Amino acid sequence: MKLHLRRVSARRSWLAGAPAALLWCVSSLAAPEADAAGAAARAPTVLTFAAIVDGTGEPVAGREIVVEHGVIVAIGESLAERYPGARRVDLSGLTAIPGLIDTHVHITYGLSGPSRGDAWHQLLQETPAPERLVASIGHAAKMLEIGVTTARDLFALDHVDFYLRELIERGIVPGPRLFLSGTGIHPLVMPVATSGTEAERISSLSQRARDVADSGAAWLKIFATTGTGSDLSGQRVYHYPEIKAATDIAHARGLQVAVHAYGPAAVPDAIRAGVDSIEHAVDVDDESLRAWAASGIFYVPTIDHNRYYADHREEYGYDDGAERALRAFISRNVAMLRRAHEAGVPVAMGSDAVMTMFGENTRELEWFVAAGMTPGEALRAATLNGAQLLGQQDRLGRLAPGFAADIVAVTGQPLTDIRAVTRQVVWVMKAGEVMVDKRRTGNPVPPRGK
Ligand SMILES: [Zn+2]
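Position numbers for residues start from 1 in each chain and track the written sequence from start to end. Per-residue local features are limited, in this predicted model, to residues with pLDDT of at least 70; the limit for side-chain atom pairs, both in listing and counting, is 80 or more; totals at the level of whole chains, interfaces and linings are taken over all residues. Side-chain descriptors were evaluated using all non-hydrogen atoms of the structure, hydrogens and water having been removed beforehand.

**Here we look at the sheet that holds strand 9 (residues 219-223)**
Under the convention used in this document: The pairing criterion is simple: DSSP has to find at least two bridges between the two strands. A run of H or I in DSSP becomes a helix once it reaches four residues, and a run of E becomes a strand once it reaches two; helices and strands are each numbered from the N terminus. To get an axis, a line is fitted to the C-alpha atoms, and for a helix only the part in contact is used. The angle between two axes follows their N-to-C directions and goes from 0 to 180 degrees.
Taken together, four strands build an open sheet; the order of strands is 9-10-11-12 and the sheet is parallel. Taken across any chain shown, the strands that pair with only one partner, and hence form the sheet edges, are strand 9 and strand 12 (298-300). The mean angle between the axes of side-by-side strands here comes to 20°, regardless of whether they run parallel or antiparallel. Pairing of strand 11 (residues 277-279) with strand 12, which is carried by three bridges, proceeds in the parallel orientation. For Ser277, the partnering residue across the bridge sits in strand 12 and is Phe298.

Here is the structure:
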């Protein structure tokens, strides 16, 4: 009994300390009736839409989807006859798309309160792990609100990403499915490796790759160059021999490898090393681009986060020069995506969201269309391609029988105007459970955290 009381009071104090944005998010999510939601996820449910668009970027014949045990079991017309007694949900004014996949977030980067104008310092020096966990719970809810049902996190300290995933998987807090890297290989975490002999660097990164594998991570993140926030420098940190050694160890242990590469410098090394995705890169020359396309390695451009930093410069203390540099980098990033897409490099959507950017993750797709993709290709980058990058293409990223019932309903025409996907999400189902339903409340836009 004592334990129970202590738990209740701990929970109360946790809620009292939660940011207002978190409480807003939690209250606007679908009713938290765990038993009812669980029963609904198990019983067959027939969902009726105006239209259905698959993760291939193509429309699907039929307007009905049957969901049972959290999985799509049928798609077509007049399916209710085959499932007598099934629950029916009328979404006939909306178009169904697969749950969206954000392949690059930093969900644990959050503060306990508003920024005082130096958000990075506040995060690294003043925000302890429990506060970051509270912030990450709010970020997870905001991602569901915009239809993101799966995400890959690419750097977190103190195992906060693992704690968050545990809370989501146990159904204690709502959030997307998470694929995690933990800390990965970052010069701040392992400064020894940036100096020393080649043999020492190989040994150091190899040990680090083993430690990351031991931690239970699904991904090894290698920060092969500098570059973050207003630092757009792209200086090399790690080189081919140590990137290759760490990549081989990760692959042998069943992990995939993501390389952080601002600018072009580390791209040829990453391709040669056989990594699985390259993040951020710009200005890659034609020869490297051909090798990249031939390799099948995914490009995650992360264009929109520099728009976010520029728009929110006061939170980070960035000056006029920093803002100009951020906006100039966007043009190089868009140009790189256009060339990569034309060359046949597979592209996945990744927002690189941090702090107050959660809730805007999918705006990245508007840049994809600006770079020459059709809305269908952009949708595919955020669904089927994301699933392929994560090795989940048999389970996620499509609306087809046998796939997880991760379904997003939007107003408008996603194959004509990508803003239907990025701005007009009304209803979200994850694994057969309704997580967001804004039909009754009239599609509110989440408040911008400032
Ligand atoms: Zn990042």
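**Structural notes on the nonpolar core**
Our working definition: As used in this record, nonpolar core signifies buried Ala, Val, Leu, Ile, Met, Phe, Trp, Tyr and Cys residues forming a set joined through side-chain atoms within 4.5 Å. Residue exposure (1.4 Å probe, protein chains only): buried if accessible area is under 20% of the type maximum, exposed if over 50%, otherwise partly exposed. Where a domain begins and ends is set by an automatic assignment or by a domain database. Here, two residues are considered to be in contact whenever any of their heavy atoms come within 4.5 Å of each other.
One finds Leu220, Ile278 and Trp292 to be the most contacted residues of the largest nonpolar core, which totals 103 residues. If one sorts the elements of this core by residue count, helix 13 (residues 320-343) sits on top with eight residues. Three or more residues apiece are contributed to this core by two domains, here domain 1 (28-98 + 399-437) and domain 2 (100-389). The residues touching Trp292, leaving out its near neighbours within four places in the chain, are Val267, Ile271, Ile278, Ala281, Val284, Ile297, Phe298, Tyr299, Met336 and Val345. Judged by nonpolar contacts, the second largest core, of 17 residues, contains Ile52, Ile72, Ala409 and Trp427.

**Some words on the coordination of the zinc ion**
Selection rule: Coordination shells were defined by N, O and S atoms within 2.8 Å of each metal, extended to 3.2 Å for Na, K and Ca; water is absent from the atom set, which can make sites look incomplete.
Bound to the zinc ion are the protein donor atoms His104 (NE2), His106 (NE2) and Asp352 (OD), situated 2.0 to 2.2 Å from the metal. Between the donor residues of the zinc ion, the gaps in sequence give the motif H-x1-H-x245-D. Residue His104 is found in strand 6 (residues 100-105), and its partner Asp352 is found in the loop between helix 13 and helix 14 (364-370); the two are separated by 248 residues along the sequence.

**A look at helix 6 (residues 160-169)**
Of all the residues in helix 6, the buried ones are Val160, Asp161, Phe162, Leu164 and Ile168. Buried residues along helix 6 sit in contact with helix 5 (129-145), strand 7 (148-153), strand 8 (177-180) and strand 14 (425-430). Looking one or two residues beyond helix 6, the residue adopting positive phi is Gly171, at roughly 80°.

**Some words on helix 11 (residues 304-311)**
Of all eight residues making up helix 11, seven are buried, and the element is well covered by its neighbours. Among all positions in helix 11, only Asp304, His305, Asn306, Arg307, Tyr308, Tyr309 and Ala310 are buried. Taken together, the buried residues of helix 11 touch helix 4 (119-126), helix 12 (313-316), helix 13 and helix 14.

**Notes on the packing of helix 5 against helix 6**
Threshold: Working definition: roughly parallel below 35 degrees, roughly antiparallel above 145 degrees, roughly perpendicular at 65 to 115 degrees, and oblique for all remaining angles. A clockwise turn of the near helix away from the far one marks a right-handed crossing, whereas an anticlockwise turn of less than a right angle marks a left-handed crossing.
Axis separation between helix 5 and helix 6 bottoms out at 10 Å; the angle between their running directions is 50°. Comparing the axis directions of helix 5 and helix 6 gives the class oblique. Here the hand of the crossing between helix 5 and helix 6 comes out right-handed. Residues Ala129, Arg132, Leu133, Ser136, Ile137 and Ala140 of helix 5 lie in contact with helix 6, whose contacting residues are Val160, Tyr163, Leu164, Leu167 and Ile168.

**Here we look at the side chain of Asp352**
Convention followed: By the counting rule applied here, Lys and Arg register as positive and Asp and Glu as negative, while His and the ends of each chain are not counted. Whenever Lys or Arg places a side-chain nitrogen within 4 Å of a carboxyl oxygen from Asp or Glu, that contact is recorded as a salt bridge. In protein, a polar contact requires one atom able to donate a hydrogen and another able to accept it; more generally it is a pair of N or O atoms within 3.5 Å, and residues adjacent in sequence count only if both atoms are side-chain atoms.
Among buried charged residues, Asp352 stands out as having no salt bridge; its nearest opposite-charge side chain is Lys221, 6.2 Å away. Here His106 takes part through its side chain, which lies 2.9 Å from a polar atom of the side chain of Asp352. In this structure the side chain of Asp352 is engaged in a polar contact, spanning 3.2 Å, whose partner is the side chain of His305. In this view, Asp352 contacts His104, His106, His280, Thr302, His305 and Met357; residues no more than four positions away in its chain are not counted.

**A short note on the side chain of Asp304**
Tracing the backbone through its elements, the reader meets Asp304 in helix 11. A polar side-chain atom of Asp304 sits 2.8 Å from a polar atom in the side chain of Arg307. What Asp304 contacts, discounting residues up to four positions off in sequence, is Met357, Glu360, Arg363, Glu364 and Trp367.

**Here's the deal with the layout of surface pockets**
Formally: As defined here, a cavity is a set of points on a 1 Å grid over the protein atoms alone where a 1.4 Å probe fits but cannot get out. A pocket is an open set with protein on both sides within 12 Å along at least five of seven lines, and residues line them when an atom is within 4 Å of a point. Grid points are joined across faces, edges and corners, and a volume is the space filled by probe spheres set on the points. Each residue receives one of three labels: charged for Asp, Glu, Lys and Arg, nonpolar for Ala, Val, Leu, Ile, Met, Phe, Trp, Tyr, Cys and Pro, and polar for the others, Gly being one of them.
Computed from the structure, the second largest pocket encloses a volume of approximately 620 Å³. For the lining of the second largest pocket, the secondary structure elements donating two or more residues are helix 4, strand 9 and helix 11. No other element matches helix 4, which puts four residues into the lining of the second largest pocket. A class-by-class count of the residues in the lining of the second largest pocket yields 16 nonpolar, 15 polar and four charged.

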